[in-house]
Amino acid sequence: MGILEVKGVGKRFGGLQALGDVNLSVAERSVHAIIGPNGAGKSTLLNCLVGKLIPDTGSVLFDGQSVLGRSPHEINQMGISRVFQTPEIFGDLTVMENMMIPCFAKRDGAFEMNAIASVLSQRDIAAKAEEMLVEMNMADKRDMHASAMSRGDKRRLEIGMCLAQEPRLLLLDEPTAGMARADTNNTIDLLKQIQDERHITIAIIEHDMHVVFSLAERITVLAQGTPLVEDTPDNIKGHPKVREAYLGESTAAA
Ligand SMILES: Nc1ncnc2c1ncn2[C@@H]1O[C@H](COP(=O)(O)OP(=O)(O)O)[C@@H](O)[C@H]1O
Ligand SMILES: [Mg+2]
């Protein structure tokens, strides 16, 4: 059984069946990509995994426990962190201040009443944030305003903020969307580094096939809310059903 098991998930928006019958199993410590044309239901599926949406049918198990009906915060506490399509960072804060937010949330679920404990805890939080900035190779940017950074660095910071919560599953929704090639390649290298050093599970939604084929061990192709194929990158390349999903070619079912 995978660390993430999606079984028979369906989601309808009014008259639109955004997800039909999605089955997906993500192996622990693997990188699993979900690809598919615009409107295929990729973000909707991700929203069902993190408590933003409750599917109409089916189940979603993380490490054997249902995520359905839990709040995004509870799902976060279970060990799932998610990077959004648009980086969710606080532009008015510095890079360091941004990084302290998840470190604080991770360490102090409850408000510290004792002033000394609180100061010590702040020191710990700053140390943890510094450590994360070093891991993200951003220590030199600690006092920069987050809004002044490049799209690639914003994404790097956001990924670091997710990792500060020490997730076991990192979900990424098109992390390289709108990036220049150099930033995309940096993001690929960062995700490879995370995989090598942290051995966590990564599920990535991605349009850019260069990113997908550089990182993924398994690929699920989603089209019109239903998985068409799930296979290794080598088998996915040149698969007729993948071409059909991307080019909208209507060919006879194999
Ligand atoms: N909150 C919503 N209300 C109504 N329709 C939605 C909503 N979210 C997504 N959709 C529709 O569901 C389909 C799948 O969307 P989405 O999951 O965003 O696709 P993808 O991420 O693969 O591009 C699209 O047709 C989209 O317009
Ligand atoms: Mg999307």
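Rules behind the numbers
- Residues numbered from 1 in each chain as written.
- Chains lettered and ligands numbered in written order.
- Predicted model: local features only at pLDDT ≥ 70, side-chain atom pairs only at ≥ 80, totals over all residues.
- Heavy atoms only, no water.
- Helix = DSSP H or I, 4+ residues; strand = E, 2+ residues; numbered from the N terminus.
- Contact = heavy atoms within 4.5 Å.
- Areas by Shrake-Rupley, 256 points an atom, 1.4 Å probe, with all protein chains shown as cover.
- Pairing = 2+ DSSP bridges.
- Axes fitted to C-alpha atoms, helices over the stretch in contact; angles between N-to-C directions.
- Phe/Tyr/Trp six-rings, centres within 6.5 Å; stacked < 30°, edge-to-face > 60°.
- Lys NZ or Arg CZ within 6 Å of the ring centre and 35° of its normal.
- Near = heavy atom within 4 Å.
- Polar contact = N/O pair within 3.5 Å; in protein donor to acceptor, adjacent residues only side chain to side chain.
- pLDDT = per-residue confidence, 0-100.
- Core = buried A, V, L, I, M, F, W, Y, C linked by side-chain atoms within 4.5 Å.
- Buried < 20%, exposed > 50% of the residue type's maximum accessible area, 1.4 Å probe, protein only.
- Expected span 1.5 Å × (residues − 1).
- Parallel < 35°, antiparallel > 145°, perpendicular 65-115°, else oblique.
- Left-handed = near helix turned anticlockwise from the far one by under 90°.
- Nonpolar A, V, L, I, M, F, W, Y, C, P; charged D, E, K, R; others polar.

This paragraph deals with the overall build of the chain. In terms of helices and strands, the chain carries 9 helices and 10 strands. Pairs at least 24 residues apart make up 67% of the contacts formed inside the chain by residues separated by at least 6 positions. With an accessible surface of roughly 12,100 Å², the chain has 51% of that area assigned to carbon and sulfur atoms.

This next bit is on the pairing of strand S4 (residues 57-62). Every other side chain in a regular strand lies on the same face of the sheet, so the side chains alternate between the two faces. One ladder, built from 5 bridges, connects strand S1 (residues 4-13) with S4; its direction is antiparallel. Looking at S4, one finds that valine 6 is bridged to valine 60. The sheet contact formed by S4 and strand S5 (residues 65-66) spans 2 bridges and is antiparallel. Each residue of the ladder has a partner; that of leucine 61, found in S5, is serine 66. Between the antiparallel neighbours S4 and S5 lie 2 residues, among them aspartate 63 with a positive phi of about 50 degrees.

This next bit is on the sheet that holds S4. To summarise the sheet geometry, strands pair through backbone hydrogen bonds and adopt either a parallel or an antiparallel arrangement. Pairing is antiparallel in the open sheet, where 4 strands are placed in the order S2-S1-S4-S5. On the outer flanks of this sheet lie strand S2 (16-26) and S5, each paired with one strand and no other. Running at roughly 65 degrees to S2, helix H1 (residues 42-49) makes contact with S1, S2 and S4 of the sheet.

The full count for this structure, using the stated rule, is 0 aromatic pairs. Here the guanidinium or amino end of lysine 237 rests over the ring plane of phenylalanine 213, the centre of that ring lying 4.8 Å away.

Let's shift gears to the site of ligand 1. The environment of ligand 1 is made up of Phe13, Leu16, Ala18, Pro37, Asn38, Gly39, Ala40, Gly41, Lys42, Ser43 and Thr44. Contact between ligand 1 and alanine 40: an oxygen atom at 3.1 Å from a main-chain N or O atom of the residue. A distance of 2.6 Å separates an oxygen atom of ligand 1 from a polar atom in the side chain of threonine 44. Expressed as a share of its isolated accessible area of 560 Å², the protein-covered part of ligand 1 is 57%. Only S2 and H1 provide two or more residues apiece to the shell around ligand 1. No other element matches the 3 residues that H1 contributes to the shell around ligand 1.

Turning our eyes to something else, we now look at the confidence of the model for the chain. Averaged over the chain, the pLDDT score is 88; the fraction of residues at 70 or greater is 89%. Here helix H9 (residues 240-247) stands out as the least confident element of the chain, with mean pLDDT 70; S1 is the most confident, with 98. The low-confidence segment residues 249-254, where pLDDT is below 50, has 3 contacts with residues more than four positions distant or belonging to other chains.

Right, let's talk about the nonpolar core for a bit. Counting 41 residues, the largest nonpolar core has Met99, Leu157, Ile159 and Leu170 as the members making the most contacts within it. Ranked by residue count, the leading element in this core is helix H5 (residues 151-163), at 5 residues. Counting residues in hydrophobic clusters, the runner-up holds 27 residues, among them Ile3, Val6, Val67 and Met78.

Read across the sheet, 6 strands follow the order S6-S7-S8-S3-S9-S10 without closing on themselves; strand pairing throughout is mixed. In the strand order of this sheet, the two ends are held by strand S6 (80-83) and strand S10 (226-231), each with one partner. Direction aside, neighbouring strands of the sheet carry axes that sit 15 degrees apart on average. Seen against the sheet, helix H6 (residues 181-198) touches strand S3 (31-35), strand S7 (169-173) and strand S8 (201-205) and runs at an angle of roughly 155 degrees to S8.

Turning next to H5. The end-to-end C-alpha distance of H5, which contains 13 residues, comes to 18 Å, matching closely the 18 Å that a straight helix rising 1.5 Å per residue would cover. When you tally the buried positions in H5, you get 11 out of 13 residues, the bulk of the element. Along H5, the positions that sit buried rather than exposed are Gly152, Asp153, Arg155, Arg156, Leu157, Glu158, Ile159, Gly160, Met161, Cys162 and Leu163.

So, about the packing of H5 against H6. At a minimum axis distance of 9 Å, the contact between H5 and H6 shows a crossing angle of 20 degrees. Taken together, the axis directions place H5 and H6 in an arrangement best described as roughly parallel. The way H5 lies across H6 gives a crossing that is right-handed. Here Gly152, Arg156, Ile159 and Leu163 of H5 come into contact with H6, specifically with Asp183, Asn186, Thr187, Leu190, Leu191, Ile194 and Arg198. Residue composition of the contact of H5 with H6, grouped by class: 5 nonpolar, 3 polar and 3 charged.

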